[in-house]
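Read off the chains here:
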Amino acid sequence: MARVIIRDLNKKFDAVHAVKDVNLEIHDKEFVVLVGPSGCGKTTTLRMVAGLETITSGDILIGDRVVNELPPMDRDIAMVFQNYALYPHMSVYDNMAFGLKMRGFDRSEIASRVKAAAEILGIEEQLKRKPRQLSGGQRQRVALGRAIVRHPQVFLFDEPLSNLDAKLRIQMRVEIKKIHDRLGTTAIYVTHDQVEAMTLGDRVVVMKDGLVQQVGEPLELYNEPANRFVAGFIGSPAMNFATVEMADADGAIWARHEGIRIKLPAELAGRLRQHVGGKVTLGIRPEDLRLASGSDTADFSFDAVVEVIEKLGSQILLDVRVGPNTMVAAVEPTVKAKVHDRLRLALNPDRLYFFDRVSQAAI
Amino acid sequence: MIEGARWRRWIFFNLPLALFVIGLLFPFYWMMVTTVRPDAELYRPWMAPNYTPFWTLNPTLDHIRYLLNKTLFNRWMLNTFFISVLATVISLFCGLLAGYALSRLKFPFAGSLGTGIFITYLVPQTLLFIPLADIIRNFRLGDTPWALVLTYPTFLIPFCTWLLMGYFKAIPRELEECARIDGATRWQAMVYIVFPVAVPGILSAGIFAFTLSWNEFIYALVFLSSPEQKTVSVGITSELVRGDVFYWGSLMAGALLGSVPVALIYSFFVEYYVAGITGSVKG
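The model shown is predicted, which means the values in this text are computed figures rather than measured ones.

Engineer: Just to check I follow, could you spell out the overall build of chain A for this structure?
Structural biologist: The helix and strand inventory of chain A stands at nine helices and 20 strands. Taken along the three principal axes of its C-alpha coordinates, chain A extends 80 × 45 × 35 Å. Each of the 363 residues in chain A was classed as buried or not, and the buried ones make up 40%.

Engineer: Teacher, can you tell me more about the overall build of chain B here?
Structural biologist: Tallying secondary structure elements over chain B gives 14 helices and two strands in all. Relative to the 2.2 N^0.38 estimate, which gives 19 Å for 283 residues, the radius of gyration of chain B is 24 Å and therefore markedly larger than a compact globule would have. For chain B, the spread of C-alpha atoms along the principal axes amounts to about 80 × 70 × 30 Å. Counting over 283 residues, chain B shows a buried share of 36%.

Engineer: How should the interface of chain B and chain A be read in this particular structure?
Structural biologist: How large an interface is tends to be reported as the accessible area lost when its parts come together. Across the boundary between the two partners, chain B contributes 18 residues, which contact 21 residues of chain A. It is helix 9 (residues 173–181) of chain B that contributes the most residues to the side of chain B that touches chain A, six residues altogether. Grouping the amino acids of the side of chain B that touches chain A by side-chain chemistry returns nine nonpolar, four polar and five charged.

Engineer: Which parts of the structure should I look at to understand helix 10 (residues 186–197) of chain B?
Structural biologist: Owing to its 3.6 residues per turn, the α-helix aligns residues three or four sequence positions apart on the same side. Residues and elements named next belong to chain B. Taking 1.5 Å per residue as the helical rise, helix 10 with its twelve residues ought to reach 16 Å, and the 15 Å between its terminal C-alpha atoms agrees with that figure. Inspection of helix 10 places Ala189, Met190, Tyr192, Ile193, Val194 and Val197 among the buried residues, and these make up the whole buried set. Those residues of helix 10 hidden inside the fold are in contact with helix 4 (73–104), helix 8 (153–169) and helix 9.

Engineer: I keep staring at the pairing of strand 10 (residues 211–216) of chain A and nothing clicks. Help me out?
Structural biologist: Successive residues of a regular strand alternate their side chains across the two faces of the sheet. Residues and elements named next belong to chain A. Note that strand 9 (residues 203–208) and strand 10 share five bridges and pair antiparallel. Within strand 10, the position partnered with Lys208 by the bridge is Leu211. In sequence, strand 9 turns back onto strand 10 through a hairpin of two residues, with Asp209 there showing a positive phi of about 50°.

Engineer: Help me understand the pairing of strand 7 (residues 154–158) of chain A in this model?
Structural biologist: Residue and element names in this part refer to chain A. Along strand 7, five of the five residues are buried, which leaves the element largely enclosed by surrounding structure. Of the two faces of strand 7, the one holding Val154, Leu156 and Asp158 and the one holding Phe155 and Phe157 are both buried throughout. With four bridges connecting them, strand 6 (residues 77–80) and strand 7 associate as parallel partners. Bridge assignment links Val80 to a residue of strand 7, and that residue is Phe157. Two strands pair when backbone bridges link them, and strand 7 and strand 8 (residues 186–191) are joined in this way by five bridges, in the parallel orientation. If you follow Phe157 over to strand 8, its bridge partner there is Tyr189. Following the chain from strand 7 across helix 5 (residues 166–183) to the adjacent parallel strand 8, one finds a crossover that is right-handed.

Engineer: Mind showing me how you'd approach the domain arrangement of chain A here?
Structural biologist: Taken as a whole, chain A is organised into domain 1 (4–228) and domain 2 (240–355). Here the C-alpha centroids of domain 1 of chain A and domain 2 of chain A sit 40 Å apart.

Engineer: Is there a simple way to think about helix 9 of chain B in this case?
Structural biologist: Burial runs high along helix 9 of chain B: seven of the nine residues are buried. Among the residues making up helix 9 of chain B, those that are buried are Leu175, Glu176, Glu177, Cys178, Ala179, Arg180 and Ile181 of chain B. Contacts made by the buried residues of helix 9 of chain B are with helix 1 (42–50) and strand 6 of chain A together with helix 10 of chain B. The first or second residue beyond helix 9 of chain B is Gly183 of chain B, which carries a positive phi of 120°.

Engineer: Would you take a moment to explain the sheet that holds strand 2 (residues 16–26) of chain A for this structure?
Structural biologist: Strand pairing within a sheet occurs via backbone hydrogen bonds; the two strands may be parallel or antiparallel. Pairing in this open sheet of four strands is antiparallel, and the strands run 2-1-4-5 (chain A) from one edge to the other. Because the sheet does not close on itself, it has two edges, and the strands there are strand 2 and strand 5 (65–66) of chain A.

Engineer: Just checking my understanding: could you explain the domain arrangement of chain B for this structure?
Structural biologist: All names here are of chain B. Segmenting chain B into domains produces domain 1 (5–42) and domain 2 (71–278). For domain 1 and domain 2, the distance between their C-alpha centroids amounts to 30 Å. With seven residues of domain 1 at the contact, the number on the domain 2 side is six residues. Counting residues per element, the ones that place at least two in the side of domain 1 that touches domain 2 are helix 1 (5–36) and helix 2 (39–42). For the side of domain 1 that touches domain 2, the element with the highest residue contribution is helix 1, accounting for four residues. Partitioned by chemical class, the residues of the side of domain 1 that touches domain 2 number three nonpolar, two polar and two charged.

Rules used in this analysis
- Residues numbered from 1 in each chain as written.
- Chains lettered and ligands numbered in written order.
- Predicted model: local features only at pLDDT ≥ 70, side-chain atom pairs only at ≥ 80, totals over all residues.
- Helix = DSSP H or I, 4+ residues; strand = E, 2+ residues; numbered from the N terminus.
- Buried ≥ 20, exposed ≤ 12 C-beta atoms within 10 Å, placed from the backbone.
- Rg over C-alpha atoms; globule rule 2.2 N^0.38 Å.
- Contact = placed C-beta atoms within 7 Å.
- Nonpolar A, V, L, I, M, F, W, Y, C, P; charged D, E, K, R; others polar.
- Expected span 1.5 Å × (residues − 1).
- Pairing = 2+ DSSP bridges.
- Right-handed = clockwise from strand over helix to strand, strands pointing away.
- Domains from an automatic or database assignment.

Quick look at the structure:
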């Protein structure tokens, strides 16, 4: 068990600056998820922590030790790879025992550790088999088992669930969570799937273009995104964006655009007063939109034309056109709407987001 | 299947396949028949009424007896075996390390080095033996098995390196990375993980190298002169063709017995060999 500190970490591959000034402190026993689109530097960061990539500049500390120059074997970490990376010529037992053998553990200790890990993962029956005889889910369990038996200071996960089908992925997600709760080993988990990030992480690090965009607990990212990228990346379906003009009229601040005219609540108005006369990006989460009823005022609602209806069961997603913009509204499953219907959508005025058009930062 | 499919299958698949197999096996059949054919039949003119080129009614072991007792055939087999095994081991060892380094390690000019090695493989032996003869003479290795043990790797190492390079590239890098995180050094990861996974590739490189050395002719012809040093391929052609007299029966017996070891090796390792050539690694 140990904390991991990443300080001013940079990685350059020839012309590409893959990781830029990443700073991160991962506490002991914490489960931190690095999430971002492909090419954002999350995997490179993880591989630098593992020692599989050299560091261009900066420091990585595991425990209280700077590990910059240490080979992977001396960092006391375990890693689970996307393609499992099981040794094809070894049985499941030998796969799990390999790391312990390399470290000179005696036979009985190896046997008891492998048995314990196999029990946790429910693969006792498969110990004698070869990896090719296993299903995808079982292989992933073996890969997890190989990491667990070592009792490392830190677990590193590199998109471990990407090769599994959707149902199995959810099941394994829960299992990884349980294993972490049980063992309490510090974990760094890389994924491009924001749902995985939100469900697994104690804290989530959102990255883009080699830069950390925001670090926070899952709900913090959802409720208070630091910039437009995080706002759009976290949450499913993604946040709706529209460029609006800020105007001061009738003693209030208004966000206006073709088809939209929203009166800002006092608290928001204070923050946006300086943007009056200019344009900003408005963000509304689909789940904060609902069908307007008679009691909704015109200040917090707007007209929309239904273009596509996606019935998910627990909710209905309406793809609607609002002036020149398309938006998604997640509404109650009881809503009866047809394509081309014209309806009025109401929004929650306390849950509006505004972003600077240039810096993309939240206002 | 429809009615016409059966004859179509015969015309386009079974018949060509049969012709192909017959074409390939016919020389072996010819070797066998000639080996056991008595001299009287061998030298019978083709228009003679009792001429039977494709079979014999009076099989004899005389030619084999002559080959084994009156020539140095056993010695040649031993020589060939010794040289082939040694040349194969040397080439495989160098090819393994070179192939691994070229496919896995990052160092300057790795790419051009790989191409360079391949190009050396393209230089024909019929040109290379001239400078090599000079080297062999300078090192006083002429007419010893070492002349071949040390010159065969000149074409076997590039071959093994190239074949194994391709094979190593097909092995996922993560396997090795995982082993290194698991506590293995780079060397241990190579020996415990990469090489065992590459066994089909290594075996097929070995089989190929062995076959190439076993069948090699020109270096053996040039670098060896005394009969007791010769290899099978050179021995039977030089000692059983005297002037314009061909000892056809014994020649064919030598060719037949000479191809047995290679045939045996192939039949034992055929599965690995196919896997090695098609380069399949199952995770």
